[in-house]
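Residue-level structural notes
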Amino acid sequence: MLDDKLGALAQMMAEHMARPFPPGFRGLDIEGRDMVMLDSDAYAYAACVHADLLGEQAHARLTRLTSAFRKVLPAIDDEYAATYYAHLHDMVVLSAEIESRRKK
C-alpha cells in the first residue's frame, strides 16, 4: 500500500515538473505567502517524503504548508494557476499521508 502511494507521489511530482509556472505569479504574494516559495516548498517536501528524508520538525512544517494552501487556494482567481496550485496541494496532502503512515 505504501509503495502504491509512493508511486502516486512520484507521478504527481513528474506531472508538476512538466507544467509551466503560472504567468504573473512570480513575485506575487497571496494571503501573505510568496507563490514561488509556496511552489518550491511544496515540491521540496514532497521530494523529501519520497526519499524518506523528512525529519520530525520538517513534518510540522509540512502540516503548516497544508494549512497555507487552504488559505491561498480560494484567493487564486486565475484558472490555470488555481489548477496548478491545487495539484501542488494534493501533492502535499499525499506527502503528509505517506509520512503519517511511516510514523505508525
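Worth saying up front: this structure is predicted, and the values here are computed from it rather than measured. (Residues numbered from 1 in each chain as written. Predicted model: local features only at pLDDT ≥ 70, side-chain atom pairs only at ≥ 80, totals over all residues. Heavy atoms only, no water.)

1. A look at unusual backbone geometry
The condition is simple: What counts as a helix is a DSSP run of H or I of at least four residues, what counts as a strand is a run of E of at least two, and both are numbered from the N terminus.
Positive phi, close to 50°, is recorded for Glu31, a residue that is not glycine. With respect to the helices and strands, Glu31 occurs in the loop between strand 1 (29-30) and strand 2 (33-34). Although it is not a glycine, Asp52 sits at a positive phi angle of roughly 60°. Position of Asp52 relative to the elements: it lies in the loop between helix 2 (35-50) and helix 3 (56-72).

2. Remarks on helix 3
Formally: By this rule, a helix spans an expected 1.5 Å times one less than how many residues it contains. For the exposure calls, accessible area comes from a 1.4 Å probe over protein chains only, and a residue counts as buried if that area is under 20% of its type's maximum, exposed if over 50%, partly exposed in between. Each direction from the helix axis to a C-beta atom contributes to the arc, which is the arc of those directions. Only heavy atoms enter the contact rule, under which two residues are in contact if any of them lie within 4.5 Å.
The first and last C-alpha atoms of helix 3 sit 25 Å apart over 17 residues, in line with the 24 Å expected at 1.5 Å per residue. When we look at burial in helix 3, the residues that qualify are Ala58, His59, Leu62, Leu65, Thr66, Ala68, Phe69 and Val72. Along the long axis of helix 3, the arc covered by the buried residues comes to 165°, so they all point the same way. Counted as exposed and oriented over 90 degrees from the buried face of helix 3: Glu56, Gln57, Arg64, Arg70 and Lys71. Buried-residue contacts for helix 3 involve strand 1, strand 2, helix 2 and helix 4 (79-103).

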